[in-house]
2 protein chains.
Amino acid sequence: MTIQPIYTPGQSITVGAPATVANLVCGFDILGLALNAPQDILTLTISDEPGIRIRHTDDYQLPVAPSANVAGAALLALLETLPVPVGFDLVAHKHIKPGSGLGSSAASAAGAVVAANLLLNDYFSKPDLVRFAMHGEKLASGVKHADNITPCIYGGVTLIRSVFPLDIVPLDAPPLFVTVVHPQIEVRTADARQILKQQLPLRDAIRQWGNIAGLVAGLLQKDYALIGRSLEDVIIEPVRSILIPGFDAVKQQCIEAGALGGGISGSGPSVFMLSEAEHTAGQLERIMQEVYAKIGLPCKTYVTTLNHHGVTVIPPSSI
Amino acid sequence: MTIQPIYTPGQSITVGAPATVANLVCGFDILGLALNAPQDILTLTISDEPGIRIRHTDDYQLPVAPSANVAGAALLALLETLPVPVGFDLVAHKHIKPGSGLGSSAASAAGAVVAANLLLNDYFSKPDLVRFAMHGEKLASGVKHADNITPCIYGGVTLIRSVFPLDIVPLDAPPLFVTVVHPQIEVRTADARQILKQQLPLRDAIRQWGNIAGLVAGLLQKDYALIGRSLEDVIIEPVRSILIPGFDAVKQQCIEAGALGGGISGSGPSVFMLSEAEHTAGQLERIMQEVYAKIGLPCKTYVTTLNHHGVTVIPPSSI
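Just so it is clear, the structure is predicted and the values come from calculations on it, not from any experiment.

Engineer: Tell me about the interface of chain A and chain B, residues and numbers included.
Structural biologist: The interface is formed by 35 residues belonging to chain A together with 35 residues belonging to chain B. Listed by contribution, the elements that provide at least two residues to the side of chain A that touches chain B are strand S5 (157-162), strand S6 (167-171), strand S8 (199-201), helix H6 (202-220) and helix H7 (224-230) of chain A. Its residues assigned to classes, the side of chain A that touches chain B comprises 20 nonpolar, 10 polar and 5 charged. Examined bridge by bridge, S8 of chain A and strand S8 (residues 199-201) of chain B share 3 bridges and lie antiparallel to one another.

Here it is in structure tokens:
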């Protein structure tokens, strides 16, 4: 017997879907974290009229045909497994710029399916929602990766031990400040993937898995010094950072100024730095602004914190 | 000003130095654990007569010249940094067979320097002792590795995030039963190192670091199911297990019988399996014995537990 979803046609919900940092330094493809800013705002309405209708109120001119839209693709995947012919109207206002490396497509996809699930009275599990949202990532980058979607849905720092089968491990991390700089250049995910070396020396792999083990232990044991020592990537960063002007200067100066460490957010071009203290996080922002002012490259910066809750409902009163 | 060590010439101490499992499945070169059995028994006496004198009461016919003996090499490294010209007399009775893959050389080296440090009133730190004992490993295998020595000295499960500089992270693991089988063949560490591929595909490395992250999280969060899912090695085991007759049968049958997982201990030939329940651990021992009886290869088995304290003093009354 199929359990029927409970919903009220015409009901609306508005959610905030946070930016995320994937490829967390040594945790390429497996570790991500959610930020408290920026976030996309999505309003979803459930109806008895089948199909998906999308409207964007931002200026990014994203496609609105459901199968060509990241949120649409995720909702289509969700609808396929739903035993009733409902439909959705989505109004999206994106604040996370597509191509920033801050999980813009994941926020659209995750925000849409979390909102849909709330309207369906929690019909699906969180891993189900991750699977639906991965269809959006597939549309955006050609790869069904989950390391932005998972922290976006779960909040905090999440480990994707395996994608097939999906094995998600939320890691109970201590409070962290995150400073992000988004230099206004474009790095295509496909390009960033292409320049990776497909073979690597065993000794580098061993060093990397020492670091990833140290990072997980540091997060779970709330050991900031260990987190700092473990934030080292000897495999991906040396290759990809070449695509990001100013990367070496930002990283070196931020670490000298007290950052625990950091690296490329996703496949770039955004760069993030973690710190234990708020005043350090603010100082890192000024360093980032100075580095890009010197180069003459416009940039946008954020000083924010680790987001522990993921996609959240925004009550109508505060919209 | 150099701080002088406090000691009493003629004082003796006896310690038990436990067997250890290095290369803990996906944690090649970085994760190890200590066992409660077998263990070597070392009696060390400090004297004003410089130099090191070694006597073995076991039948392994190991060299007794200090610079050719693993414990001797470790003690020589310790003496070099000691500002007073003391000497040591060591009587060693090894129960951990050299070449078993159970950290026999590490037990000699770690046991000797821990005993020496107790006679020197804790003059050195634990990381100092690891560094001294690494000279013994260098003598035994040509490589200054620390992944047997560290759990031998610290107990429990230990992460070596980095050897140079030395960065040790003790991991607070839940109780575990360990079943070990030592098939009576020889696998030389040097041979086991030589057959490793020096390059590996990025996708395998990513899978491995997902597993290592999952294993560390599973241990710290006391999540036995996650430990089990993460005990997978896609890089080293497929190559090295070829050197160990019966490996595939032992592993498959043990996992079917409820083992969390396991693999090659160190560079073999011993194979270990972890379990949550004592009765499972006993059942695994019978499976191992049956597999080797079928092959016609003699073997020795141990059913033991994770050792949480490392090298320990044995009071004179119980010797």
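Read on, since the account is not over.
Engineer: Hey, could you go over the relation of the copies chain A and chain B for me, with residue numbers and the actual values?
Structural biologist: Overlaying chain A with chain B gives an RMSD of 0.0 Å, the required rotation being 180° about an axis along which the chain moves by 0.0 Å. Here the symmetry operator amounts to a two-fold rotation axis.

Engineer: Report on unusual backbone geometry, specifying residues and quantitative values.
Structural biologist: Of note, the bond from Gly268 of chain A into Pro269 of chain A is cis; its omega dihedral lies within 30 degrees of zero at 0°. With omega at -5°, the peptide bond leading from Phe164 of chain B into Pro165 of chain B counts as cis. Looking at the element boundaries, Pro165 of chain B is found in the loop between strand S5 (157-162) and strand S6 (167-171). Positive phi values are uncommon outside glycine, yet Val25 of chain A reaches one of about 50°. Tracing the backbone through its elements, the reader meets Val25 of chain A in the loop between strand S1 (12-21) and strand S2 (31-47).

Engineer: Describe the pairing of strand S9 (residues 261-264) of chain A, naming the residues involved and giving the relevant values.
Structural biologist: Each regular strand carries side chains that alternate between the two faces of the sheet. Residue and element names in this part refer to chain A. Here S9 runs beside strand S10 (residues 271-275); their pairing, made up of 4 bridges, is antiparallel. Opposite Ile264, over in S10, you have Val271 as the bridge partner. The turn linking S9 back onto S10 is made up of 6 residues, and Gly266 within it adopts a positive phi angle of 60°.

Engineer: Run through the nonpolar core, naming residues and quoting values.
Structural biologist: In terms of nonpolar packing, the biggest core is built from 203 residues, with Ala74, Ala110 and Val113 of chain A together with Ala110, Val113 and Val216 of chain B touching the most fellow members. Filtering out sequence-adjacent residues up to four positions away, Val113 of chain B remains in contact with Ala74, Leu75, Leu78, Leu129, Phe132 and Ala133 of chain B.

Engineer: Describe the sheet that holds strand S11 (residues 299-305) of chain B, and please don't skip the residues or the numbers.
Structural biologist: Residues and elements named next belong to chain B. Spatially, the 4 strands line up as an open sheet ordered S9-S10-S7-S11, and their pairing is antiparallel. Two strands in the sheet have a free side with no partner beyond their single neighbour: strand S9 (261-264) and S11. On average, each strand axis in the sheet is inclined to that of its neighbour by 15°, with strand direction left out of account. Relative to strand S10 (residues 271-275), strand S7 (residues 177-183) is paired through 5 bridges, and the arrangement is antiparallel. Looking across to S10, one finds that Val178 is bridged to Leu274. Helix H10 (residues 278-295) rests against S7, S10 and S11 of the sheet, and its axis sits at about 10° to S7.

Engineer: Which residues make up the domain arrangement of chain A, and what values do they have?
Structural biologist: All names here are of chain A. Split into domains, chain A comes out as domain 1 (12-171 + 308-318) and domain 2 (177-305). Its C-alpha centre places domain 1 at a distance of 24 Å from the equivalent point of domain 2. Per-element tally for the side of domain 1 that touches domain 2: the top contributor is S2, with 4 residues. The residue inventory of the side of domain 1 that touches domain 2, partitioned by class, reads 11 nonpolar, 10 polar and no charged.

Engineer: Hey, could you go over the sheet that holds S9 of chain A for me, with residue numbers and the actual values?
Structural biologist: Residues and elements named next belong to chain A. One open sheet holds the 4 strands; their spatial order is S9-S10-S7-S11, and the pairing between them is antiparallel. Looking at strand neighbours, the two that pair on one side only are S9 and strand S11 (299-305), the edges of this open sheet. Taking the axes of each pair of neighbouring strands and ignoring which way they run, one obtains an average angle of 15° across the sheet. Against the sheet, helix H10 (residues 278-295) makes contact with strand S7 (177-183), S10 and S11, and its axis sits at roughly 10° relative to S7, the strand it touches most.

Engineer: An account of the packing of helix H9 (residues 247-256) of chain B against H10 of chain B is needed here, citing residue identities and associated values.
Structural biologist: Residues and elements named next belong to chain B. Relative orientation of the contacting elements H9 and H10 amounts to 150°, with a least axis distance of 10 Å. With respect to each other, H9 and H10 are oriented roughly antiparallel. When you trace H9 past H10, the crossing you get is right-handed. Residues Ala249, Val250, Gln253 and Cys254 of H9 lie in contact with H10, whose contacting residues are Leu284, Ile287, Met288 and Val291. In terms of residue class, the contact of H9 with H10 is made up of 7 nonpolar, 1 polar and no charged.

Engineer: So what about the environment of Gly214 of chain B? Which residues, and what values?
Structural biologist: The topology assignment puts Gly214 of chain B in helix H6 (residues 202-220). Residue class for Gly214 of chain B comes out buried when judged on the 27 C-beta atoms lying within 10 Å of it. Gly214 of chain B has contacts with Leu159, Arg161 and Val169 of chain A together with Leu226, Arg229 and Ser230 of chain B, leaving out every residue within four places of it along the chain.

Engineer: I'd like a rundown of the environment of His182 of chain B, residues and numbers included.
Structural biologist: Residues and elements named next belong to chain B. Mapped onto the fold, His182 is located in strand S7. For His182, a count of 26 C-beta atoms within 10 Å translates into the label buried. Linking His182 and Val271, residues 89 residues apart in sequence, is a C-alpha distance of 6.6 Å. Beyond its immediate chain neighbours, meaning those up to four positions away, His182 contacts Ser100, Leu102, Pro269, Ser270, Cys299 and Lys300.

Thresholds, definitions, all that
Residues numbered from 1 in each chain as written. Chains lettered and ligands numbered in written order. Predicted model: local features only at pLDDT ≥ 70, side-chain atom pairs only at ≥ 80, totals over all residues. Contact = placed C-beta atoms within 7 Å. Helix = DSSP H or I, 4+ residues; strand = E, 2+ residues; numbered from the N terminus. Nonpolar A, V, L, I, M, F, W, Y, C, P; charged D, E, K, R; others polar. Pairing = 2+ DSSP bridges. Least-squares fit on C-alpha atoms with pLDDT ≥ 70 in both. Core = buried A, V, L, I, M, F, W, Y, C linked by C-beta atoms within 7 Å. Buried ≥ 20, exposed ≤ 12 C-beta atoms within 10 Å, placed from the backbone. Axes fitted to C-alpha atoms, helices over the stretch in contact; angles between N-to-C directions. Domains from an automatic or database assignment. Parallel < 35°, antiparallel > 145°, perpendicular 65-115°, else oblique. Left-handed = near helix turned anticlockwise from the far one by under 90°.

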